[in-house]
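Here is what each chain is made of, one letter per residue.
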Amino acid sequence: MKQMGKVKKGLVLGLVACCLSLFTSVQAETPILGTATVRAIHGTAKYKSPDGTWLPLKVGKNLTQGDTISTSTDTTLDLFLRQNGPVLRVMADTTLGLNILNFTDSTGERVVNTQLGLTAGRILGNVK
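Just so it is clear, the model here is predicted, and its values are computed rather than measured. (Residues numbered from 1 in each chain as written. Predicted model: local features only at pLDDT ≥ 70, side-chain atom pairs only at ≥ 80, totals over all residues. Heavy atoms only, no water.)

Novice: Outline the pattern of salt bridges, supporting the account with residue identities and numerical values.
Specialist: Within the structure shown, the criterion is met by one salt bridge. A salt bridge links R89 to D78, with the nearest nitrogen and oxygen atoms 2.6 Å apart. A residue pair is termed long-range when its members are at least 10 positions apart, and R89 in strand β8 (residues 86–90) and D78 in strand β7 (residues 76–80) qualify at 11 residues. The class of D78 is buried, set by a relative accessible area of 15%. (Salt bridge = Lys/Arg side-chain N within 4 Å of Asp/Glu carboxyl O. Helix = DSSP H or I, 4+ residues; strand = E, 2+ residues; numbered from the N terminus. Buried < 20%, exposed > 50% of the residue type's maximum accessible area, 1.4 Å probe, protein only.)

What follows is the structure, encoded as structure tokens:
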């Protein structure tokens, strides 16, 4: 009987360790949201947040996935995307959605996921 109790206890401890290991590996692969920081604006631009509100863009503004940028005539805007870029220039009369900006650090390797939705205009990028 005593031996059976030790086996059950060992089995329970093994299951707990397995669950913790599984939880840790899932945690490591959860995407980290990236940002796009406005570094320069020549002209006027605005952004639409995920709630649908259009607001003026200013240097230093951090944008996240789900935001949309709109530039007016004779406007250029420079974005610093950090891990997701690093640099992007949004040209005049452009509408650009920041659809996905995230990355994961798993198994010693960084996986970057960037998806931009260009519905009008032009962009120039420098990609790692």
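Having put the structure on the table, let's press on.
Novice: Break down the side chain of T37 for me, citing the residues and quoting the values.
Specialist: Within the element layout of this structure, T37 appears in strand β2 (residues 36–42). Residue classification places T37 among the buried residues on the basis of a relative accessible area of 8%. Contacts of T37, omitting those with residues within four sequence positions, involve G60, K61, N62, D78, L79, F80 and R82. (Contact = heavy atoms within 4.5 Å.)

Novice: With reference to specific residues and values, describe the sheet that holds β8.
Specialist: Spatial ordering of the open sheet is given by β5-β2-β7-β8-β11, a layout of five strands whose pairing is antiparallel. What marks the edges here is a single partner per strand, and that holds for β5 (62–63) and β11 (123–127). Relative to β7, β2 runs antiparallel, the two being bridged by five bridges. Each bridged residue has a counterpart across the sheet, and for I41 the counterpart in β7 is L77. (Pairing = 2+ DSSP bridges.)

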